[in-house]
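Survey of secondary and tertiary structure
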Amino acid sequence: MALPPQDERTLPAVVLRDIDRRPLEQALAEMQALVEHHGHVIVVCSQAAPTAVQRRLHTLRSLMESDRIALFRPDLPPLGLAVLARQLRQLASCDISPGVLASAGRLLVHYIHAGALLNSVTRLDRVPVGLKSHAKSWVPGSQFGVLAHPEPQLVRITPEAALPGPEFGTWMLVAKGQLQSDWVTATLAPSWKVQGLREIPLPSESPGWWGTGKLIEFCSYLPDLSVLYQLVTSVRRGSCHWCGIDVIGDRCVFCSATPPVYDSPPLKQLENRTAVG
């Protein structure tokens, strides 16, 4: 799901529609055109995407023999994934190198709180759910507040129910499915002290991810480009020893190389070097 721009600087998204169903030659031509036009491509893909989608993406990358395609698959529910993709689109308008921009996703994911209000958790298999909660989900009228990220939490909705929220100022997106409730907007959002709230259509992948269509998905995030930019540029960066691109962290998002590990010399060699010196 490609969210609308957060501001006038947010770059548009390119949606790779039906990439696993179209002829390989057609998908390959599209990816080649993107790389030639933009120089580097960051593909944000859900871990819940069908295996065929994941295989096709790796196939395209292998056929092109390119280190200019980064495949990023964060463990986020659909709305949270869409928010993260938009944040990267915001940062793409800044003077940030492709390697740092692609690496920024691993950093920004820690500042996203994503969850949902569900009428049942019987088919929820992406967040740990106890047997007691499963039993309660059969009670008519039961509702559950579920936090999938950053730390899984589940509560049955009661007047005292609460979910741990961010300790910094955020905005919240709310996507309503086939569930009638104002708990997210009237209770959760004020308890999280969100600075703004917007409603958007429910992502088409959400019912499958959460195990029910009777839900209200929510996500709190950092909306300001200046804050995102400061977070990313304040982190120490290095160069990939293999492809030379600037990155954040210890793994290159384009060529997947990790820093080489050098064997420590034996203790006796160190002692001999010390004695000779």
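These numbers were taken from a predicted model, which means no experiment stands behind them. (Residues numbered from 1 in each chain as written. Predicted model: local features only at pLDDT ≥ 70, side-chain atom pairs only at ≥ 80, totals over all residues. Heavy atoms only, no water.)

**Points about the pattern of salt bridges**
When charged atoms on two side chains of opposite charge get close, those side chains can pair. Summed over the entire model, instances satisfying the criterion amount to three salt bridges. With a closest N to O distance of 3.9 Å, R21 and D18 form a salt bridge. Taking the relative accessible area as the measure of exposure, D18 reaches 44% and is therefore partly exposed. (Salt bridge = Lys/Arg side-chain N within 4 Å of Asp/Glu carboxyl O. Buried < 20%, exposed > 50% of the residue type's maximum accessible area, 1.4 Å probe, protein only.)

**Things to note about the packing of aromatic side chains**
In this structure the tally under the stated criterion is three aromatic pairs. Residues W192 and F218 carry aromatic rings whose centres are separated by 5.8 Å and whose planes lie at 80° to one another, so their mutual orientation is edge-to-face. Taken together, the residues span a long stretch of sequence, with W192 in helix α6 (residues 183-192) and F218 in strand β8 (residues 215-221) at a distance of 26 residues. For W192, a relative accessible area of 4% gives the class buried. A residue is classified by how much of its surface remains accessible, and F218, at 1% relative accessible area, is buried. (Phe/Tyr/Trp six-rings, centres within 6.5 Å; stacked < 30°, edge-to-face > 60°. Helix = DSSP H or I, 4+ residues; strand = E, 2+ residues; numbered from the N terminus.)

**Comments concerning the packing of helix α1 (residues 24-38) against helix α2 (residues 51-64)**
Direction vectors running N to C along α1 and α2 enclose 65°, while the axes themselves pass 10 Å from each other. Viewed along their axes, α1 and α2 form a crossing whose handedness is right-handed. Every residue of α2 that contacts α1 at L24, A27, L28, M31, Q32 and V35 is listed here: R56, T59, L60, L63 and M64. (Axes fitted to C-alpha atoms, helices over the stretch in contact; angles between N-to-C directions. Left-handed = near helix turned anticlockwise from the far one by under 90°. Contact = heavy atoms within 4.5 Å.)

**Overview of the confidence of the model for the chain**
Residues shown with low pLDDT carry predicted positions that ought not to be read at fine detail. Per-residue pLDDT for the chain has a mean of 87; in total, 90% of the residues score no lower than 70. Ranking the helices and strands of the chain by mean pLDDT puts β8 first, with 98, and helix α9 (residues 267-276) last, with 46. (pLDDT = per-residue confidence, 0-100.)

**Side note on the packing of helix α3 (residues 78-91) against helix α8 (residues 225-233)**
Where α3 contacts α8, the axes come no closer than 10 Å and their chain directions differ by 85°. Judged on the interaxial angle alone, α8 and α3 are roughly perpendicular. Along its contact with α3, which presents Q87, Q90 and L91, the element α8 presents L225, L228, Y229 and V232. Of the residues assigned to the contact of α3 with α8, the class counts are five nonpolar, two polar and no charged. (Parallel < 35°, antiparallel > 145°, perpendicular 65-115°, else oblique. Nonpolar A, V, L, I, M, F, W, Y, C, P; charged D, E, K, R; others polar.)

**Side note on the layout of surface pockets**
By volume, the largest pocket amounts to about 1,600 Å³. Lining the largest pocket are 47 residues, and of these V14, V15, L16, V43 and V44 sit closest to its centre. Considering every element that reaches the lining of the largest pocket, the biggest residue donor is α3, with eight residues. Residue classes in the lining of the largest pocket are distributed as 34 nonpolar, six polar and seven charged. (1 Å grid on protein atoms, 1.4 Å probe; cavity = no way out; pocket = protein on both sides within 12 Å on 5 of 7 lines; lining within 4 Å. Points joined across faces, edges and corners; volume = space filled by probe spheres on them.)

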